[in-house]
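The lines below spell out each chain.
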Amino acid sequence: MRIVLTMKERTNPHIPIEAEKINPAFLMWGTDELTVWEGNKERRLDEVFEIEMEGTATSVNEVEVVLRGDTSRVKRVGEYMDGGRITIEGDIGMHCANFMAAGTIEVMGNAGGWFARELRGGTVICRGDAGHYCAAGYRGEKKGMRGGKVEVFGSAGDFTAEHLFGGEVIVHGNCGDMPGVDMQGGFLTIHGDCSRPCGNMTDGRCMVLGCASEMLPTFKKQDEVNGPDGLSLTHFTGDVANRGKGNLLVRCYQYLE
């Protein structure tokens, strides 16, 4: 079953749309009863999107959803998704893949803040850049992403993988400030640069293949190891300030002054 949702022209395209019903588990049963919120107005799905449907499905895993047009202000796509596939041909708004447990979401453009927030499982891909708090927990939540895989082919903003508890996060570009802060498990790989990685970390592994600026002094230097590209990485453990047993590996670093 293939469902294509193409954004209609809007009078004010800056108004955000709350669209948690754009989820294969809802769409496989039809679109007549589905609504979204455009600002403070509830709209039928077909008032906002042109809808094309092909075929049928007997399970959520047989459903593919494609989003077209300007979806940069569409929020919460794939929230609580438990199977199937969503492909977003452009940019996507905040909170895409919130609490997702299974399936695949692929964003061909950029993703807004809180991308893959508190992910449980499945695969979430962003071909462009991701905003702040990518693969993080929400404010006040002590456990962030718990499983699955997030891969960002561009760069990610501040607080990437905050409170990471399980699963794997890969950022092919740079990260902003404090990636992996309060990390409790899982794997974080940053191919570019970042600043102040992994403060308050207690467990898990973070690997920075670029340079870590403003490196925190509360990590204990251990030894030199080979990275995945065969080049040397410096291995630290910590965060000692939190009696942490995490592993932080960096290609080069400069201490916080």
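Residues numbered from 1 in each chain as written. Predicted model: local features only at pLDDT ≥ 70, side-chain atom pairs only at ≥ 80, totals over all residues. Heavy atoms only, no water.

### Observations concerning the domain arrangement of the chain
How big an interface is tends to be reported as the loss of accessible area on association of its parts.
Then step 1. Domain boundaries assigned for the chain yield domain 1 (1–86) and domain 2 (110–256).
Then step 2. In this structure, domain 1 and domain 2 have C-alpha centres spaced 32 Å apart. (Domains from an automatic or database assignment.)

### Quick word on the pattern of salt bridges
Then step 1. In the structure shown here, the tally under the stated rule is 16 salt bridges.
Then step 2. Close ionic contact of Arg10 with Glu38 constitutes a salt bridge, the shortest N to O distance being 2.8 Å. Taken together, the residues span a long stretch of sequence, with Arg10 in the loop between strand S1 (2–7) and strand S2 (17–18) and Glu38 in strand S3 (residues 35–38) at a distance of 28 residues. The two residues Arg10 and Glu38 agree in class, both being buried.
Then step 3. Across the salt bridge formed by Glu18 and Lys75, the nearest N and O atoms sit 3.2 Å from each other. Of this pair, Glu18 sits in strand S2 while Lys75 sits in strand S7 (residues 74–75), and the two are 57 residues apart along the sequence.
Then step 4. The exposure class assigned to Glu18 is partly exposed, which follows from its relative accessible area of 22%.
Then step 5. A cluster of three or more residues bridged by salt bridges with shared partners is formed by Glu18, Glu20, Lys75, Arg76 and Glu79. (Salt bridge = Lys/Arg side-chain N within 4 Å of Asp/Glu carboxyl O. Helix = DSSP H or I, 4+ residues; strand = E, 2+ residues; numbered from the N terminus. Buried < 20%, exposed > 50% of the residue type's maximum accessible area, 1.4 Å probe, protein only.)

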